[in-house]
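# Geometric and topological summary
Listed here are the chains, written in short residue letters.
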Amino acid sequence: MRINGKRLISDLEDFSLITATPGEGVTRFSYSREDIAARQRLKEMATENNMICRTDFFGNMIISPKKSKGTILFGSHIDTVKNGGWLDGIYGVISALEILRTFEENKKQHDCTLIVFAEEEGSNFGSTMTGSKFLTGKYGPEKLDQLISDNGYTMREVLQKTSFSREKQKEELIDINFVKAMFEIHVEQGPVLDDEGFEIGIVDAVAGMKVIQITYEGIGNHAGASPMKGRKDSFIAAAEAALAIDEMICSDPEQNIVGTIGKLFVSPNCSNVIPEKTVFTLEVRSEKNIKTEATMEAAKKIIRETAVKRKIKCTISDMASSNAIPMAEDIKSTMKKIARKKCLKYKSMSSGAVHDAAMMANHIATGMIFVPSINGRSHVPEEDTRKEHLICGTQYLMDVIQEYI
Ligand code: GLV
Ligand code: MN
Ligand code: MN
């Protein structure tokens, strides 16, 4: 069965226009106006193609043909980072939808269901893979009151404003005990496939990550009248800790660990006031849980010691964590067999980015496919993949899925 490549690309282009930052990449946070518009469009596409669309309390959307038993899941997410790219997440969703439509057009009976996970990027609450964490029970209901957005709303409050929180959920929309396999296709987001000329990546394992938030509180004061000596500048402390952590991680490149301080708020954020309070995040990722853990502990030590040295107050809170996880062996070998049969240039590789597939892999046999990212750019407006690679990846997923239906 052949997917419709033209339709796939044109749908992806349409969704790239549903953004809060036109001309500056795609910004579509879960539960935002743009997210609701994208959900509405997906719902229309589903119903136009005889499918039913439901949403659980956390905002995970489930799209399936009326007769599907839902034993095979596939999908990804539609939310983005701020000023992100046009393919991260949505590519996996539109690919899955394209495959469902192709089945429908060919009157093919199957048991596949598309799942669109909510809040994968953690753009609202600082915790990645949130929808899949709730779905798989990693997060219990108490987490709804613990996850807090940058503007101070709990996840429960944000969800209560959405229409799906009012839909009566009489039963679990997906019982993962009945699911046989889960598939996610995604752009690689790194340079490996593009640099080495591969068409397809078969994911071996997804890296684990830990995220913390640090609050440094010093003393604010006049930037002109306060001598340098004796200042308690919370930003300078954050800068010193950041450099020391970066140096620690870079000192051992063999370890393949990455660490990033990607979010930083300086308060009061005035050019002529010494920053009283600085809040920043640190995330650490690697393929080995023990290394992620040890690196995060060493970073926390640096953060606390820097605070003591600079005589400022320090609070550290754990924001999110997920373990590194391998994909299912039998799915990987089926994928390789099909790639060989179709004469595709493929490479087995690990994923440095996290994905909902990693959460699902704790419970269900799961497989992931990558397509090349041009110049390895992602989470930026420049994120791109050659159209022929996007089409080839979806057709390949279709070929793989047919082994399971
Ligand atoms: C999600 O894209 C992540 O890896 O942070
Ligand atoms: Mn993604
Ligand atoms: Mn992403």
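Since this is a predicted model, take the numbers as computed values, not measurements. (Residues numbered from 1 in each chain as written. Chains lettered and ligands numbered in written order. Predicted model: local features only at pLDDT ≥ 70, side-chain atom pairs only at ≥ 80, totals over all residues. Heavy atoms only, no water.)

Glancing now at the domain arrangement of the chain. Domain boundaries assigned for the chain yield domain 1 (5-206 + 324-401) and domain 2 (208-322). A separation of 32 Å is found between the C-alpha centroids of domain 1 and domain 2. Contacts between the two partners involve 16 residues from domain 1, matched on the other side by 12 residues from domain 2. Taken together, both faces of the contact between domain 1 and domain 2 bury some 1,000 Å²; the carbon and sulfur share is 46%. Summed over the three residues of domain 1 that lose the most area to domain 2, namely Gly126, Asp150 and Ala324, the buried surface amounts to 41% of that side. Viewed at the interface, domain 2 and domain 1 are joined by one salt bridge. Here Asp150 makes a salt bridge to Lys263, at a shortest N to O gap of 3.1 Å. The tally of links between domain 1 and domain 2 comes to five residue pairs in polar contact (both at pLDDT 80 or more). Here the residues of the side of domain 1 that touches domain 2 are counted per class, giving eight nonpolar, five polar and three charged. (Domains from an automatic or database assignment. Contact = heavy atoms within 4.5 Å. Buried area = accessible area lost by both parts, 1.4 Å probe. Salt bridge = Lys/Arg side-chain N within 4 Å of Asp/Glu carboxyl O. Polar contact = N/O pair within 3.5 Å; in protein donor to acceptor, adjacent residues only side chain to side chain. Nonpolar A, V, L, I, M, F, W, Y, C, P; charged D, E, K, R; others polar.)

Along the chain, Thr154 turns up in the loop between α5 (143-146) and α6 (155-160). A C-alpha to C-alpha distance of 6.6 Å links Thr154 and Leu144, two positions 10 residues apart in sequence. Once you skip the residues sitting within four places of it in the chain, Thr154 turns out to touch Phe125, Leu144, Asp145, Leu147 and Ile148. (Helix = DSSP H or I, 4+ residues; strand = E, 2+ residues; numbered from the N terminus.)

Another aspect to go through is the packing of helix α8 (residues 234-250) against helix α9 (residues 289-309). A pair of packed helices can be characterised by two numbers: the angle between their axes and the separation between those axes. Put simply, α8 and α9 touch, their axes get as near as 9 Å, and they point 150° apart. By the angle class used here, α8 and α9 are roughly antiparallel. Regarding α8 and α9, the two cross each other, and that crossing is right-handed. Residues Ala237, Glu240, Ala241, Ala244, Ile245, Met248 and Ile249 of α8 form the contact with α9, whose participating residues are Thr295, Ala298, Ala299, Ile302, Ile303, Thr306 and Lys309. Of the residues belonging to the contact of α8 with α9, the class tally is 10 nonpolar, two polar and two charged. (Axes fitted to C-alpha atoms, helices over the stretch in contact; angles between N-to-C directions. Parallel < 35°, antiparallel > 145°, perpendicular 65-115°, else oblique. Left-handed = near helix turned anticlockwise from the far one by under 90°.)

Geometrically, a metal with four donors at the corners of a regular tetrahedron has ideal angles of 109.5 degrees, and one with six donors at the corners of a regular octahedron has ideal angles of 90 or 180 degrees. At the metal site, the manganese ion (ligand 3) is ligated by Asp88 (OD), Glu121 (OE), Glu121 (OE) and His379 (NE2), and these contacts range over 2.0 to 2.6 Å. One chain supplies every donor for the manganese ion (ligand 3), spaced along it as D-x32-E-x257-H. For the pair the manganese ion (ligand 3) and the manganese ion (ligand 2), the metal-to-metal distance amounts to 3.5 Å, and Asp88 bridges them. One end of the pair, Asp88, is in the loop between β3 (72-77) and α3 (90-105); the other, Glu121, is in the loop between β4 (112-117) and α4 (130-135), and 33 residues separate them in sequence. (Donors = N, O, S within 2.8 Å, 3.2 Å for Na, K, Ca; no water.)

This brings us to the coordination of the manganese ion (ligand 2). Listed as protein donors to the manganese ion (ligand 2) are His77 (NE2), Asp88 (OD) and His186 (NE2); their distances from the metal cover 2.0 to 2.2 Å. Counting along the primary sequence, the residues that act as donors to the manganese ion (ligand 2) give the motif H-x10-D-x97-H. On the basis of relative accessible area, His186 is assigned to the buried category, the value being 1%. (Buried < 20%, exposed > 50% of the residue type's maximum accessible area, 1.4 Å probe, protein only.)

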